[in-house]
Every structure is written in C-alpha cells, then in structure tokens.
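In case you want the letters, here they are:
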Amino acid sequence: MNGKQRMVEQSKQWLCDALINLMAQENFQDISITEIAQTAELSRKTFYHSFKNKEAVINYLCDQLFDQYFEQLLQQKPQVGEMMLKTTFDIFLNFWWQKRDLIQLLIRQGLFDHMNEIWQQKAIPRYQQFAAPWHVHGTPTQVNYVMAFQLGGFTNILRVWLGQDHPESPEQIKDLMLLAAQQLADSLNTN
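Just so it is clear, the model here is predicted, and its values are computed rather than measured.

Cut-off values and rules
Residues numbered from 1 in each chain as written. Predicted model: local features only at pLDDT ≥ 70, side-chain atom pairs only at ≥ 80, totals over all residues. Heavy atoms only, no water. Patch = residues over 30% accessible without salt bridge, like charges linked within 9 Å, V, L, I, M, F, W, Y side chains within 5 Å. Areas by Shrake-Rupley, 256 points an atom, 1.4 Å probe, with all protein chains shown as cover. Salt bridge = Lys/Arg side-chain N within 4 Å of Asp/Glu carboxyl O. Helix = DSSP H or I, 4+ residues; strand = E, 2+ residues; numbered from the N terminus. Buried < 20%, exposed > 50% of the residue type's maximum accessible area, 1.4 Å probe, protein only. Phe/Tyr/Trp six-rings, centres within 6.5 Å; stacked < 30°, edge-to-face > 60°. Lys NZ or Arg CZ within 6 Å of the ring centre and 35° of its normal. UniProt positions renumbered as here; feature names shortened; annotations may be inferred.

Describing a nonpolar patch on the surface
A cluster of nonpolar side chains, contributed by Phe 149, Leu 184 and Leu 188, occupies part of the molecular surface with about 380 Å² of accessible area. On the secondary structure map, Leu 188 appears in helix α9 (residues 170-188). Residue Leu 188 is classed as exposed on the basis of its relative accessible area of 65%.

Right, here's the structure in full:
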C-alpha cells in the first residue's frame, strides 16, 4: 500500500470512528455528514471522496468487523466433530464479546439487521474456505439457505446476548449453544 492509499484508509478510519462516537451521543438518523467530518477533523470533501453517504460508513465498519472475524475463524485448525464446534463457538463468542460495546451501539441504533445483511453477503463467498464438518456441499442455492439458517442462529444469539445491559460470559453462552446443538442432533436421531 502506497502513501496515498494509506492516507485514504486512515481518513476512512477516522470518519468511521467519528460516526461511532457521534452515535454514542445521538440518533444515527440525526447525524449529518458535516458533523461526521468535523468530528473526524476532516473536510466534507474528504468525506465524499471516501464515502457516498453515512450508510456507506456503516457498511465499511461492518466490512472491517467481518474481515477481522473471518480472519480469526480461518486461523482455526481443522478438528473432528464436537471439538471443531466448541472451537468455532469460542472464536465466535470471544470475538464478539470483545466488540460488545460496538454491537450494543448498533442494536440501540437499529443498525443490527443491516449488519446481518452484510454478514450474509460476505459469508457466502467464504463458505468453502472454512472447512467445517457441518457444512453442506450442494448447489449455490442450497449453500445460501444453509448459511441463512446457520447465520440466523448466530446473529440472533448476538442480538439476545449482547443486547442486554449485563450479558453473560462467553463461556456460559457457549455451554448453552452446545446444549442446543446436542439437543437438535439428538432429536434427529430418534426413531
């Protein structure tokens, strides 16, 4: 990355940080481009060189979050069965626990569903990169439905868990998730 590209990325990050700080104080819908630029100590012109609108800043933020999450997920060593599931849950829960203030802010601002849409779009192309024993090997349509099912569970856990003022520890939630997965598997094995 050359100097100009680094400066463009730095400006985007400053604008993103400014929007997050402003959302902690006021409603997303009421925040103006001018406020974001001023808070970032940048010009409106710089804002519009970086982003089309403030929704694009949220998209950039969500892209960053998911890139960081998937990077951690892909570092996981392949394991067998339940160990792979436990490790995946650990990565998921601990990553989002570290980002809980931001997730709680997105929930309060009514932007959590938008984040989910971005996650779904980013997850599908990466589906085959993460070799998990529970992945379906099927048509793109089948993979899309399976991803919607799986991500719906994960994101709804985030919403319920981190939407609370005093969320449980990641370990407690992991135990609940494992119990639910086991009960689902057991229910499929009954005659």
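Points about the packing of aromatic side chains
Per the counting criterion, the structure on display carries 16 aromatic pairs. Residues Tyr 69 and Phe 92 carry aromatic rings whose centres are separated by 6.1 Å and whose planes lie at 80 degrees to one another, so their mutual orientation is edge-to-face. One end of the pair, Tyr 69, is in helix α4 (residues 54-74); the other, Phe 92, is in helix α5 (residues 81-98), with 23 residues separating them in the sequence. The burial state of Tyr 69 is the same as that of Phe 92; both residues are buried. An angle of 20 degrees between the planes, with centres 5.6 Å apart, marks the rings of Trp 97 and Trp 161 as stacked. Here Trp 97 is found in helix α5, whereas its partner Trp 161 is found in helix α8 (residues 140-162), with 64 residues between them in sequence. With a relative accessible area of 21%, Trp 97 lands in the partly exposed category. Of the aromatic side chains, those joined through ring pairs into one cluster are Phe 66, Tyr 69, Phe 70, Phe 89, Phe 92, Phe 95, Trp 96, Trp 119 and Phe 154. Cation over ring: Lys 54 sits above Phe 28, and NZ or CZ is 4.8 Å from the ring centre.

Some points on the UniProt feature "domain: HTH tetR-type" (unreviewed entry) in the chain
Within this numbering scheme, the UniProt entry marks residues 9-69 as carrying the feature "domain: HTH tetR-type" (unreviewed entry). The straight-line gap between the two end C-alpha atoms of residues 9-69 is 19 Å; of that span, 74% is helix and 0% is strand.

Section: the UniProt feature "DNA-binding region" (unreviewed entry) in the chain
The positions that UniProt labels "DNA-binding region" (unreviewed entry) are, in the present scheme, residues 32-51. This span, residues 32-51, is 70% helix and 0% strand, and a straight line between its end C-alpha atoms measures 13 Å.

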